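# Descriptive structure summary
These are the residues of each chain, in order.
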Amino acid sequence: MKAVLITMGLALLAGAALAQEDLVIDQTKLYVSDPAACQALEKQGLNAWTDMDFLSLTFTGGIQSMEFHCNFYDIKSRPNTPLLFAEAVCELPGELYADTIAIAPNDATSIRLVSSADSTLALLGGIEPDPESPYPAGTTIYHRCDNLSEIPLD
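Residues numbered from 1 in each chain as written. Predicted model: local features only at pLDDT ≥ 70, side-chain atom pairs only at ≥ 80, totals over all residues. Heavy atoms only, no water.

With that settled, consider the packing of aromatic side chains. One pass over the structure, following the stated rule, counts 3 aromatic pairs. Between the aromatic rings of tryptophan 49 and phenylalanine 54, the centroid separation amounts to 4.8 Å while the plane-to-plane angle is 25 degrees, which identifies the pairing as stacked. By the burial criterion, tryptophan 49 is buried, and phenylalanine 54 matches it. Where phenylalanine 59 meets phenylalanine 72, the ring centres are 6.5 Å apart and the plane angle is 50 degrees; that geometry is what we call tilted. Placement of the pair is phenylalanine 59 in the loop between β2 (56-58) and β3 (62-64) and phenylalanine 72 in strand β4 (residues 69-77), with a sequence separation of 13 residues. These aromatic residues form a ring-pair network of at least three members: Tyr31, Phe59 and Phe72. (Phe/Tyr/Trp six-rings, centres within 6.5 Å; stacked < 30°, edge-to-face > 60°. Buried < 20%, exposed > 50% of the residue type's maximum accessible area, 1.4 Å probe, protein only. Helix = DSSP H or I, 4+ residues; strand = E, 2+ residues; numbered from the N terminus.)

Right, here's the structure in full:
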């Protein structure tokens, strides 16, 4: 009986792991930290950044906002897992720092990004965690923009 219960438990764990692996990160799409930014970018193009405060992420361009960007220099993956590891150099006005970033599927249309630099700042008290977020400080959820045709550059 004990062996049957252990076997069933292992089967359930394997099933949960396989379900997570079904989620794939589409590295060809644009992701944004505010889901409303997808529609704003479609309508306003680059002017969307002047009306909204959000981050955008592409796997070729890294993370961008009005006064902040992180360039990805190496993105690593492993077989049989949807997780990604990125090495980045980030800039704010007057600041330059290296960062390592873990990226995982959050659900079918979003990804979860964890910055080691932001996590460290949070541990040191330099960043306040968002009280409404279920994730620890240093974590950002990015939503995939599936509706973009082309970003107007006017």
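A separate point is the side chain of serine 119. Among the structural elements, serine 119 can be located in helix α4 (residues 116-123). Looking at serine 119, its side chain comes within polar contact range of the main-chain oxygen of serine 115, at 2.9 Å. The contact partners of serine 119, leaving out residues within four places of it in the chain, are Val114, Ala137 and Gly138. (Polar contact = N/O pair within 3.5 Å; in protein donor to acceptor, adjacent residues only side chain to side chain. Contact = heavy atoms within 4.5 Å.)

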